[in-house]
Every structure is written in structure tokens, then in C-alpha cells.
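A structural walkthrough
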Amino acid sequence: MSKKRLLKILIRYSVITLGCVIFSLGVALFLDPLNIASGGVTGIAIIIGYLTGLHTGILIIIINVPLFVLGAIFFGKWFTISTMYSTIVSSLFIELWVIVFKNVPPITTNTLIAAVLGGTLFGCGLGLIFRMGSTTGGTDIVVKILRKKFRYIRTGIISMTIDLVIIGVSAIIYKNFELTCYTVVSILVMTGVFDWVLYGGNSAKLVYIITTQEKAEIMRERILKDLDIGATFVDGEGAYSGNEKRIILCAIKNFIYPKLRDVVKEADPAAFTIVTSAKEIYGEGYKDPHDDEL
């Protein structure tokens, strides 16, 4: 195995481990103590734990066994290995936090705060794990399978749909309308954070700058030298004036965009600029075209 590949694997599993820690904190400190069924296998485990008194972390591992087999069939051994790692590590961390904080007063007894903070940590941790091509097992495997078939639906939406079914079950079990509402809040927060972590880093601005040939050359030099990003020239013609135009097309990270705006204002204050959002970008500096769809 090359050093480069080994380093890539180490980074991947380091991020997965970080995601497991964040995920487990959300479950152990906020969701589980107040019986908020967070969705997925974790939510199912919390419900079963409520009925039987068994530990959530152990139940997660037991429920996941048949789903690991399903993951191996659809995604291969490497996905299954990373998913087993994520599931076992996150489950062990959940159990660890229960022991560590056993004699410590609850961080909060406010169900709304627990739902929001728990959902935030849950979604953030899960998003990091998914970005590394893994899952925490359970319904996440089902979500990835459905995502392969329904590619036009975002992962978070598929996950939320499944979770809503689990919420319905929790409502019947707990017979507590308020708790069900708090669970819905937790799921919505988790879905928003999850999608932001999963897709946020791939978003950028798509900018069209319509200017003259002369001004376009000045902007090109500044863009390549000062901003260190690529750009594409497109020839155009004014529909009314008939004058030749030069269109500069470039994708740019959100935090760099203000500098591009300064370049345009300084080079050609009269330039016509169109700015839109790009949800996903494939190519150098962005996502690898060969990466799996998230």
C-alpha cells in the first residue's frame, strides 16, 4: 500500500471517528435521556430500550447485523467494513458517555433544548460520516440504497421520510403528543444540519461577468494571479448594440467571492455581472467526478 493511499485511509477514518464522537454525544447526552426517538436504528433502539430497559448502544449493534449483510451486497466489503467501524465505535462511545456522565446531573431537562442540541450534534456527526463514504449502519444503509435509485432526491429528505415513520411509532408507544412534537423538531434540525454538512462544502457561487475584450484581459490576469482560480472566456454580442462582448465564467468559493467583486469593480465598474449559486461542482479544487454521489 502506497504512503499516499495509507494517509488517505488514516484521514478518512479520523474524520469518521470524529463524526462518531459528535453523533454519540448528541444521542447519549440529549436525545436518549429524554426519550427523544431520533430516527433511524438509533430511534428504534431508544424505543426498544424504553420498553425493555436494555442499553441503546447494545441494541444498535444487534439491530444492525442483518443490515450489514444488505450493505455488503449492494456496496461491497470496504463500505461494509467502514460502516461496521462507524456503528461499533459510535455505539461504544454512547455507552462510554453513559458511564462517564452517570453521576453527573443532566445537562438540560428542557426537552426543546435537548431536541435542538441533540439534533444538531446528531446531524453534524452523521454528515461527517457520510462525507467519508460510510454510514452508522441501520436505516442509513437503506437510505444509500434508495439514493442510488432515486438520485434526484437529497439524502437528508430520504432519511427524514424514514424517520417520520419511526416518529409515528414512537408517538404510539410513548402516547405523549408533546414528546412527539419535540421529536419532529429534532428530526428537522438533524436533517438541516446533516444536509449542510454533507453538501455545504461543495457549494459555491457561479459568476458571469459580461464586459469588453480589453477589460476582460485585465480581469483575467487579476483572477488568475490574485485569486488563484480558473475562469472560462465565452464570446458574446450585445443584442441591442451589436457590440462584441467577452463573458467571463467562473465558479468561486463563497469566501473568495468578495475579492472577485472588488476585481470587477476596479477593472470595469460598468460590467454586467450575474451571480447565482452552484450546489455541486465537479472538477479541480472541488469534488472528484469519480466520487460516489452523497
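Preceding block: the structure.
Residues numbered from 1 in each chain as written. Predicted model: local features only at pLDDT ≥ 70, side-chain atom pairs only at ≥ 80, totals over all residues. Heavy atoms only, no water.

**Observations concerning helix α2 (residues 40–52)**
Side chains that are three or four residues apart share a direction in an α-helix, a result of its 3.6 residues per turn. The end-to-end C-alpha distance of α2, which contains 13 residues, comes to 18 Å, matching closely the 18 Å that a straight helix rising 1.5 Å per residue would cover. Those residues of α2 not exposed but buried are Gly40, Val41, Thr42, Gly43, Ala45, Ile46, Ile47 and Gly49. A positive phi of about 85° marks glycine 53, the residue just after α2. (Helix = DSSP H or I, 4+ residues; strand = E, 2+ residues; numbered from the N terminus. Expected span 1.5 Å × (residues − 1). Buried < 20%, exposed > 50% of the residue type's maximum accessible area, 1.4 Å probe, protein only.)

**Comments concerning the environment of glutamate 217**
By secondary structure assignment, the location of glutamate 217 is in helix α9 (residues 213–227). C-alpha separation for the pair glutamate 217 and serine 186, spaced 31 residues apart in sequence, amounts to 51 Å.

**Considerations on the pairing of strand β1 (residues 204–211)**
As a general feature of sheets, a regular strand has side chains that alternate between the two faces. In the sheet, β1 pairs with strand β4 (residues 272–278) via 7 bridges, with the strands oriented antiparallel. Bridge pairing in β4 places lysine 205 opposite serine 277. As defined by bridge partners, β1 adjoins strand β3 (residues 244–252) across 7 bridges and the pair is classed as antiparallel. Residue pairing for β3: leucine 206 is matched across the bridge by alanine 251. (Pairing = 2+ DSSP bridges.)

**Comments concerning the environment of isoleucine 48**
In this fold, isoleucine 48 is placed in helix α2. With relative accessibility at 28%, the residue isoleucine 48 sits in the partly exposed group. For the pair formed by isoleucine 48 and arginine 12, sequence separation is 36 residues and the distance between their alpha carbons is 32 Å.

**Overview of the nonpolar core**
With 35 residues, the main nonpolar core has Val27, Ile36, Ile94, Phe122, Ile141 and Phe194 as its most contacted residues. Secondary-structure elements contributing two or more residues to this core are α1 (3–31), α2, α3 (56–75), α4 (77–100), α5 (111–131), α6 (139–149), α7 (155–174) and α8 (177–199). The element contributing the most residues to this core is α1, with 6 residues. Not counting residues within four places of it along the chain, the set of residues in contact with valine 27 comprises Asp32, Pro33, Thr42, Ile94 and Phe122. Core analysis: the next-biggest nonpolar cluster, separate from the first, contains 16 residues, Met219, Ile229, Ile256 and Leu260 among them. (Core = buried A, V, L, I, M, F, W, Y, C linked by side-chain atoms within 4.5 Å. Contact = heavy atoms within 4.5 Å.)

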